[in-house]
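# A structural walkthrough
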Amino acid sequence: MISVWLLVLGNFIFGVFRFSKIWVDDKSALAATMFAVVSPTIMETIHVFGQLPTIAGIGFLLHASTETYKWIKHDKTFYLISALSLFAVTVAAHHVTTIFGMVFFVAPVVLTALMDRCGIEKVELKYNPVKTFISEIWKFRFKLAFFGCAVIFLLIFVMFPYWYWSKTDPITQVPIPHGSRDSFINVKSSGIVFFIIPWGIVLSLLPYLFGRLLSGKNFFMGMSFSLLVILGTGGTTPIPKMLLGENAFNILTLDRFTFWASIMAIPFVGQFSVSLFSGDYSELLSKRTGRILQKVFFILITIYLIAQTIFIVNLNQFRPLQPAQIDIDPITRFLERDEHYKWRFLTLGFGDQVAWLSANTNAKSIDGNYHSARRVPELTSRAIERLENSKFNGVEGLGSLQQFLTVPEKYHLKYIFSNDKFYDPLLHYAGWHRVQRLENGIMVWEKQDVKGLPPRLPQKIIPLYQRIMWGVLPLSCLIIAIIINLYLRLWLFRIKGKENDPSYISTIPHAKIKSKPSFIHLILLLMIPPIMFVWATKDIFFKQAQSHPEKTVMWYYDALDLKRFNEAHSYFDPEYGLDFDQYILEISVSDGMLSSYAKLNSITTEILEQNENAAKILATTRWVTPLQKYEHKDIHLLKKKNNKWYLRPQEFDISIPPDQFISQPTVRYFKQGKRRVSTDKTPHDDVVDRPELFIHHARVVKKDSLISVVGEIQNTDNLPAHITITAEILDSLGRVVTRYNAKFGVQHKLLPKEKTGFKIEFEELAWREDGKHKPGILNPKEFNPFFFEEEKLTCRIFAKAVAENTDIYKYGNLQNYSVVKKENKFCVEGSIVNTGVDEITIPELIVSYYDKDCNIEWVDYHFIAQAVRPQREAPFSHPLTESYHVQTIYKINDDNLYVNGLQQATFLKGRSMEPCVGNYMEHKNKKIKLDLNSFVGIPSLY
Amino acid sequence: MILKPDNLKIICKNEIQAGESLEIELSSNKIHEDLLIVYTQMSGSYVFPVESKKIITDTFLTRKSGKLNIRLLAGPHLLDTQEINILPNMGTGKIESYIGPKSILTTTNEPSMLVAIPADEFDNPVTEGTISDFSYIRPNYSKELHQIRMEKLTNHHTFFAQTKTGKTLAGVQCDNGFSDEKYVDEEAGWPLQISLETLPQDLQADGKHYVEIKTKKITDKLGNNVKDGTIVTFSISDKKQINQYSSVTINGVAKIDFKYPTVNKKYEVIAFCGNVKSNSMSLTFISEINDFDIKYDQVNMNLVIGPVTGTLNQFVPDGSEFKIGVSQASKKKIEITSPAQDGMIEVDLKELFLDKKPTIISVKYAGKTTLRQIFIK
């Protein structure tokens, strides 16, 4: 792999040298080549983004451009053949580079070559009038037309299977947001990554570059350069969108334009550096500042270059963009073991390593790297890159992930390899359970009761000729290009004696630089890098966080979000005596959704009271968690001391549990699986019977225009059960309209005789057949509800259970709860007490509403933000749903209730279940029941 | 053109045992070169040329029990056909057996079925009517033996749950064939009733400790303890608030640790398991907090409350929440909650942005309210 990189880089550097010689003299071309090695854009592309095809493509394009120039200039067929062979390789390496390269690189080179042709015919090198230039173009028209057609032919032919596939199976992916399309002023991080870093020190040379490029023979290149610079600014101005059109703007990533512009600038950077160290600029600097300051100037520029290089190369250390390297062997062994490869898997938190894992296993994943190639509607209709990093795509990404986790059987998805505990609560509450932690630290999650992939999967038949083309042409182009450019050239020059033919000499005459060196350019070169540095880092070093109480609060939450606890602690008033060790200790024992699984989305502050030295601020923070969005309000008290505002530390729970050492008698379960160690199928004797369930009642209801199915289900067996409840809605003709599983609104694990309410909320796209649904309008909401077209609906419920042995924690209890009235709304308030030995990381309250006959009417669920440690409490408050908001559409009768595949009515055998036995709370002639579901983030087992 | 040979017949036995070699003799010595013999079974047809008057069939053709059809062909002409019955041998080896459901309830006399398919060495089910011995050891350690005849290629026996919980072990034997040991769990049925153990009364309402509440043994109608891990929910409520605790049964008993309240309480305790609920028990708590002081430090604008102690003259538990009300004329009452530490509560009134006028402070804890008037300067 390293050798491939070295070859590609070597080809690129050589390409820069040859390309530079079109525009500048040999010495400048050499300087440009040296600069290319440390060019910020190249370093970023290699060390941060790792884009091998891009570098390979641009390398070959530079060579091809040079050969094109020579062909037009000297009109020698060999150069045409050479250029076309290199274009073919460019297409094979990176087709987008060829498409845009023709416009931005080759077109100006062709026009410049034609200008040079006009100049060479005359004794003096001076620019011809327009008429002569146009006549030159006219003379060359057939050859140019042939050249254009040849390149287009190569572009189509070499990549023909790709174009054919794109045409017959068009891309339906909705645009995926990308930082290069942001406004770099509003989104500073995008500006740094996609503008400041790739330009680097060259940004300070832009006035010089525009001056050089927009004059003389460089004019056409200058126009191209200017266009690229503008397009590379992304959404900072409306110009790129106007130029590209909405569609192209939303599909393309615009950082490529900055990349190409900075490549285009390299020859002139080389020219400037020669002038700076030994030419006009050197003389000017020496004259204006003296020799000593001149040397100081050189030292500073060198320091800038070195600092820039070190920073970019090590950017991944300062701000890791990828997780640490994962050893994939334990994962591939797991997949190979016991036929686990017969199901699909998904990875979470793997970064780009998901591709490496996929390449090393035959097992199939539902996720992938190449966004344009995917066909799954749940992905193509959402603006997310990959499922595996959905947390970075906010509610959009998590919403898409949730659909896969809720109905995994649709894609035969059974295993998830998680490298990020952020997703743990989502996996648990969507009905997944932990299987084991592999030797590499990856946690394996499993969904019970998912069928394996069918033995034969649908396969697109690619015609044989296309398969041959795809396998043979790209490499053949490379081999042919090597033969032509190395061996044939050698034969021509050495053996055929062409080395004295001036048309084959690579020296290109250049026009002298007419413009005078400007001292302003030097000042900009000195000043702009530190200004850029200050702008980029002002939020770190120059933020003056404590100059205002609201700013203090905002920077405090920012520090908390990024886990910069030292900084967060520095905002506390020392008067309160909270030292850093105590603070960190308090943080470490505070767990829960907001402490451990949330990302800060936004924060607003409001001054409630303020005088000269004290302030009371209401901070409203909005958090994105894997389960839901949170809005949290906190009141902060601040004091001003020595012109800085300090926060009063928030109170920490100082209650002490009564017991130092707790013992908890419990029942634990273990499922043997295959008792004989064998690769054979699981024998009948080792299959545990499905636990029996009973659906007490269920109905289809409507609330706020959304249709849901609610009901109550009980585990009537003596085995603990993992349950999956599916509701199927049918129209008046008995056709299935939609089908979905219960997600958060149910306890997925029930102990013997345990009851739970359940709610199934239907989401869009879950059961649309492939190819029959077009992705709809981008919906930024996490929950994408399914809208029913008719009201005459019936429903079937399918409940199935498998024996469960893990992740069952029932030691959370509800304390002192009652219905209270708050701001004209009724709420149920109380607290959760943990009498077990594990911390309940994220408790969930399931609130079931019944009529006076104990028939279920509605089910709510509510996640509590705070964790509950053993023998401690956490408060909760949940607003009640008033019954008039809920309308019953259809009561589901026993014939439409299926348990473990059988109609419930057939196996009940006259068994009846007593209603209304349980702990109910009365409220307005209705009954309410609360159940607690617990997620233990770090169980003692793992 | 192939002429039909005259009067060529197949002579052989009508019945053979599986795996036995079959001797076939033709009625004439005139063996035509186009003569073919075709064997047809369920697995397919096999065609062989006839080379002599006596034909010994390969034993692979006679392994599978059932009908073996033999046809003698001369080109397109069917000369003769015979049907042989291949009989299975005696049962041998491992008997394929299944049992299910694998758990049955004692209270509803639920059935389970043991199915066995004894077979010979060629995997042929033994002859219809062959007797197999179905043996059981029941949870009460009694042994049973049932002789079951082979019917329609299987033997099956339905047995019913008895009254005692435990494992029923089963095995099958037929001739020289034996099955693996099978088992069925006979489990307790639904709980019949729940009773609570007597509860202590007049406990100290310190908001810290836990009191154990447990059930007596929960059994089904046959006296079997409900299965370990059965959930039991406890409701501990007064007229205003409810407490809901859950636990699981171990040896039929479920217990919880209920946290003491901080105020006087009289609770009603009920337990639920399955579809039954227990008797109701009362549980009372008494709060005894000694009188405490409220001091005001005018210089630092600091309220110091305490020391607050309980019956044992011990500090109230750290973290006990005191509700402090601050009232000033023509201003909305401010209510804050402050935790006690080492029996003391401190409140910084500077943070409340109060006016400089008389102020009423009320401190409420464990049902006790103490008032004090101060003057903010």
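Predicted model, so just to flag it, every value in this text is computed and none were measured. (Residues numbered from 1 in each chain as written. Chains lettered and ligands numbered in written order. Predicted model: local features only at pLDDT ≥ 70, side-chain atom pairs only at ≥ 80, totals over all residues. Heavy atoms only, no water.)

### Focus on the overall build of chain A
Filter applied, for reference: Elements are defined by DSSP. Helices are runs of H or I of four residues or more, strands are runs of E of two residues or more, and each kind is numbered from the N terminus. Under the scheme applied here, a residue whose accessible area is under 20% of the maximum for its type counts as buried, over 50% as exposed, and between as partly exposed, the area being computed with a 1.4 Å probe on protein chains only. Contacts are residue-level and defined by heavy atoms, with any inter-residue pair within 4.5 Å sufficient. Here the open area of atoms and residues is found with the Shrake-Rupley method and a 1.4 Å probe, where only the protein chains shown may cover a residue.
Counting secondary structure elements, chain A contains 29 helices and 25 strands. Taken along its principal axes, the extent of the C-alpha atoms in chain A is 110 × 75 × 55 Å. Looking at chain A as a whole, 55% of its 942 residues are labelled buried. Considering only intrachain contacts with a sequence separation of at least 6, the fraction spanning at least 24 residues in chain A is 71%. A total of about 43,600 Å² of accessible surface is found on chain A, and carbon and sulfur atoms cover 59% of it.

### Looking at the interface of chain A and chain B
Many analyses report the size of an interface as the accessible area lost when the parts associate. Here is the rule: Accessible area that two parts lose when put together, with a 1.4 Å probe and added across both, is what the buried area reports. One speaks of a salt bridge when a side-chain nitrogen belonging to Lys or Arg is within 4 Å of a carboxyl oxygen belonging to Asp or Glu. Any N or O atom pair separated by 3.5 Å or less is treated as a polar contact, with the protein-specific requirement of one donor-capable and one acceptor-capable atom, and with residues adjacent in sequence counted only for side-chain atom pairs.
Listed by partner, the interface residues are 55 residues for chain A and 51 residues for chain B. Summed over both sides, the interface of chain A with chain B buries roughly 4,600 Å², with 53% coming from carbon and sulfur. Linking chain A with chain B are 3 salt bridges, by the criterion used here. Between Asp348 of chain B and Lys639 of chain A there is a salt bridge; the shortest N-O distance is 3.8 Å. Seen at the junction of chain A and chain B, the total is 18 residue pairs in polar contact (both at pLDDT 80 or more).

### A closer look at unusual backbone geometry
The omega torsion of the bond from Gly100 of chain B to Pro101 of chain B falls at -5 degrees, within 30 degrees of zero and hence cis. Along the chain, Pro101 of chain B turns up in the loop between β10 (96-100) and β11 (103-105). Following Gly306 of chain B, the chain continues to Pro307 of chain B via a peptide bond in cis, the omega torsion being 5 degrees. Tracing the chain through its elements places Pro307 of chain B in the loop between β28 (302-305) and β29 (321-328). A positive phi angle, close to 55 degrees, is found at Asp75 of chain A, a residue other than glycine. Following the sequence through the fold, Asp75 of chain A ends up in the loop between α4 (52-74) and α5 (77-93). Although it is not a glycine, Asn900 of chain A sits at a positive phi angle of roughly 50 degrees.

### Topic: helix α16 (residues 280-313) of chain A
What counts here: For a helix, the expected span equals 1.5 Å multiplied by the number of residues minus one. The quantity called bend is, for any residue, the angle between two axes fitted respectively to the seven residues ending at it and the seven beginning at it.
Here α16 of chain A spans only 33 Å end to end across 34 residues, well under the 50 Å set by a 1.5 Å rise per residue. Maximum bend of α16 of chain A: about 115 degrees, positioned at Gly290 of chain A.

### Some details on helix α25 (residues 549-561) of chain A
Here α25 of chain A contains 13 residues, and its C-alpha end-to-end distance of 19 Å stays within 8% of the 18 Å for a straight helix at 1.5 Å per residue. Of the residues making up α25 of chain A, those classed as buried are Pro549, Thr552, Val553, Trp555, Tyr556, Tyr557, Ala559, Leu560 and Asp561 of chain A.

### Structural notes on the environment of Tyr890 of chain A
Residue and element names in this part refer to chain A. Of note, Tyr890 is situated in strand β21 (residues 886-891). Residue classification places Tyr890 among the buried positions, given a relative accessible area of 16%. Taking the C-alpha atoms as reference points, Tyr890 and Val193, 697 residues apart in sequence, are found 55 Å from one another. Within the structure, Tyr890 has its side chain in polar contact with the side chain of Asn896 (distance 3.1 Å).

### What about the packing of helix α10 (residues 188-199) of chain A against helix α15 (residues 255-278) of chain A?
Residue and element names in this part refer to chain A. Note the following rule: All axes are obtained by fitting lines to C-alpha atoms, using only the stretch in contact for helices, and the reported angles, taken between N-to-C directions, cover 0 to 180 degrees. Any angle between 65 and 115 degrees counts as roughly perpendicular, while under 35 counts as roughly parallel, over 145 as roughly antiparallel, and the rest as oblique.
At a minimum axis separation of 10 Å, α10 and α15 run at an interaxial angle of 5 degrees. The angle between α10 and α15 places the two elements in the roughly parallel class. For the pair α10 and α15, the contacting residues are Phe194, Pro198 and Trp199 in the first and Asp255, Thr258, Ala261 and Ser262 in the second.

### A word on the nonpolar core
Residue and element names in this part refer to chain A. Note the cut-off: Here, nonpolar core refers to any group of buried Ala, Val, Leu, Ile, Met, Phe, Trp, Tyr and Cys residues whose side-chain atoms link them within 4.5 Å.
One finds Phe12, Phe105, Leu209 and Phe225 to be the most contacted residues of the largest nonpolar core, which totals 108 residues. At 12 residues, α15 tops the list of elements feeding residues into this core. If near-sequence neighbours (up to four positions away) are discounted, Phe12 is found in contact with Ala36, Ile42, Ile55, Ile58, Gly59, Leu62 and Ile263.

### Concerning the state of the cysteines
Residues and elements named next belong to chain A. Put simply, the rule reads: Only a pair of cysteine sulfur atoms within 2.5 Å counts as a disulfide in this structure description.
Counted under the stated rule, the structure contains 0 disulfides over all chains. There is no disulfide at Cys477, and the cysteine sulfur nearest it, in Cys149, is 18 Å away. Overall, the relative accessible area of 9% leaves Cys477 in the buried class.

### Describing a nonpolar patch on the surface
The line we're drawing: Within this analysis, patches are made of residues with over 30% relative accessible area and no salt bridge. Like charges are joined at 9 Å or less; nonpolar side chains (Val, Leu, Ile, Met, Phe, Trp, Tyr) at 5 Å or less.
Together, Ile292, Leu293, Val296, Ile299, Leu300 and Ile303 of chain A make up a nonpolar patch on the protein surface, roughly 560 Å² of accessible area in all. Among the structural elements, Ile292 of chain A can be located in helix α16.

### Side note on the packing of aromatic side chains
All names here are of chain A. Note the following rule: For Phe, Tyr and Trp, rings pair up if their centres lie within 6.5 Å, where Trp contributes its six-membered ring, and each pair is then called stacked (planes under 30 degrees apart), edge-to-face (over 60) or tilted (otherwise).
The tally for this structure, following the rule as stated, stands at 54 aromatic pairs over all chains. With centroids separated by 6.1 Å and ring planes inclined at 85 degrees, the aromatic side chains of Trp199 and Phe225 adopt a geometry described as edge-to-face. Of the two residues, Trp199 is situated in helix α10 and Phe225 in helix α12 (residues 219-231); the sequence distance between them amounts to 26 residues. With respect to class, Trp199 is no different from Phe225; both count as buried.

### Quick word on the side chain of Asn741 of chain A
Residues and elements named next belong to chain A. Along the chain, Asn741 turns up in strand β12 (residues 736-741). Here Thr726 takes part through its side chain, which lies 2.7 Å from a polar atom of the side chain of Asn741. Apart from the residues within four sequence positions on either side, Asn741 is in contact with Thr406, Val407, Glu409, Thr724, Ile725, Thr726 and Ile760.

### Observations regarding the sheet that holds strand β3 (residues 23-26) of chain B
Residue and element names in this part refer to chain B. To keep it simple, the criterion reads: For two strands to be treated as a pair, DSSP must find at least two bridges joining them.
One open sheet holds the 3 strands; their spatial order is β1-β3-β6, and the pairing between them is antiparallel. Only two strands of the sheet have a single partner each, and these edge strands are β1 (10-11) and β6 (54-56). Sheet topology note: the β3/β6 ladder contains 3 bridges and is antiparallel. Pairing of Glu25 across the sheet is with Lys54, part of β6.

### Section: the environment of His696 of chain A
Residue and element names in this part refer to chain A. Residue position: His696 is located in strand β9 (residues 693-703). We classify His696 as buried; its relative accessible area is 15%. A polar atom in the side chain of His696 sits 2.8 Å from the side chain of Gln714.

### A word on the environment of Glu44 of chain A
With respect to the helices, strands and loops of the structure, Glu44 of chain A is situated in helix α3 (residues 40-49). Each C-alpha atom, one on Glu44 of chain A and one on Phe194 of chain A, is 9.6 Å from the other, the two residues being 150 residues apart in sequence.

### Some words on the sheet that holds strand β14 (residues 755-761) of chain A
All names here are of chain A. Ordered by their spatial adjacency, 4 strands build an open sheet running β14-β10-β9-β21, and the pairing between neighbours is antiparallel. For this open sheet the edge positions go to β14 and β21, each flanked by a neighbour on one side alone. Averaged over all pairs of adjacent strands, the angle between their axes in this sheet comes to 30 degrees, without regard to strand direction. Relative to strand β10 (residues 706-715), β9 runs antiparallel, the two being bridged by 10 bridges. Residue pairing in the sheet places Ile695 in a bridge with Ile713 of β10.

### Structural notes on the domain arrangement of chain B
This is how it is decided: Note: domain ranges come from an automatic or database domain assignment.
Under the domain assignment used here, chain B contains domain 1 (10-87), domain 2 (92-187), domain 3 (203-286) and domain 4 (294-375). Once you take the C-alpha centre of each, domain 1 of chain B and domain 4 of chain B turn out to be 108 Å apart.

### Brief notes about the pattern of salt bridges
Summed over the entire model, instances satisfying the criterion amount to 49 salt bridges over all chains. The partner of Asp449 of chain A in a salt bridge is Arg690 of chain A, and the shortest N-O contact between them spans 2.6 Å. Linking Asp449 of chain A in the loop between β4 (443-446) and α23 (464-495) with Arg690 of chain A in the loop between β8 (644-647) and β9, this pair joins segments that are 241 residues apart in sequence. We note a salt bridge from Asp355 of chain B to Lys331 of chain B, for which the minimum N-O separation is 3.9 Å. You can see Asp355 of chain B sitting in the loop between β31 (345-348) and β32 (358-365) and its partner Lys331 of chain B sitting in the loop between β29 and β30 (334-339), a full 24 residues away along the chain. Residue classification places Lys331 of chain B among the partly exposed positions, given a relative accessible area of 31%. In the salt-bridge network here, residues are joined through shared partners; they are Asp573, Glu575, Lys639 and Lys641 of chain A together with Asp348 and Lys350 of chain B.

### With respect to the confidence of the model for chain A
All names here are of chain A. To keep it simple, the criterion reads: A residue's pLDDT is the confidence the predictor assigns to it, expressed on a 0 to 100 scale.
Residue-level pLDDT values for chain A average 85, and 91% of them are 70 or greater. Per-element confidence in chain A ranges from a low mean pLDDT of 73 for helix α20 (residues 377-380) to a high of 96 for β4. Ignoring residues within four places in sequence, the model shows residues 120-125, a span with pLDDT below 50, making 7 contacts including any to other chains. Segment residues 503-507 is flagged for pLDDT under 50; beyond a separation of four residues in sequence, or across chains, it makes 10 contacts in the model.

### Section: the side chain of Asp133 of chain B
All names here are of chain B. Formally: The positive count covers Lys and Arg only, the negative count covers Asp and Glu only, and His and the chain ends enter neither.
With respect to the element layout, Asp133 can be found in strand β13 (residues 131-137). Buried and without a salt bridge, Asp133 has Arg149 as its closest oppositely charged side chain, separated by 11 Å. Within the structure, Asp133 has its side chain in polar contact with the side chain of Gln147 (distance 3.1 Å). Other than its neighbours up to four places away in sequence, Asp133 contacts Leu145, His146, Gln147, Gly171, Val172 and Gln173.

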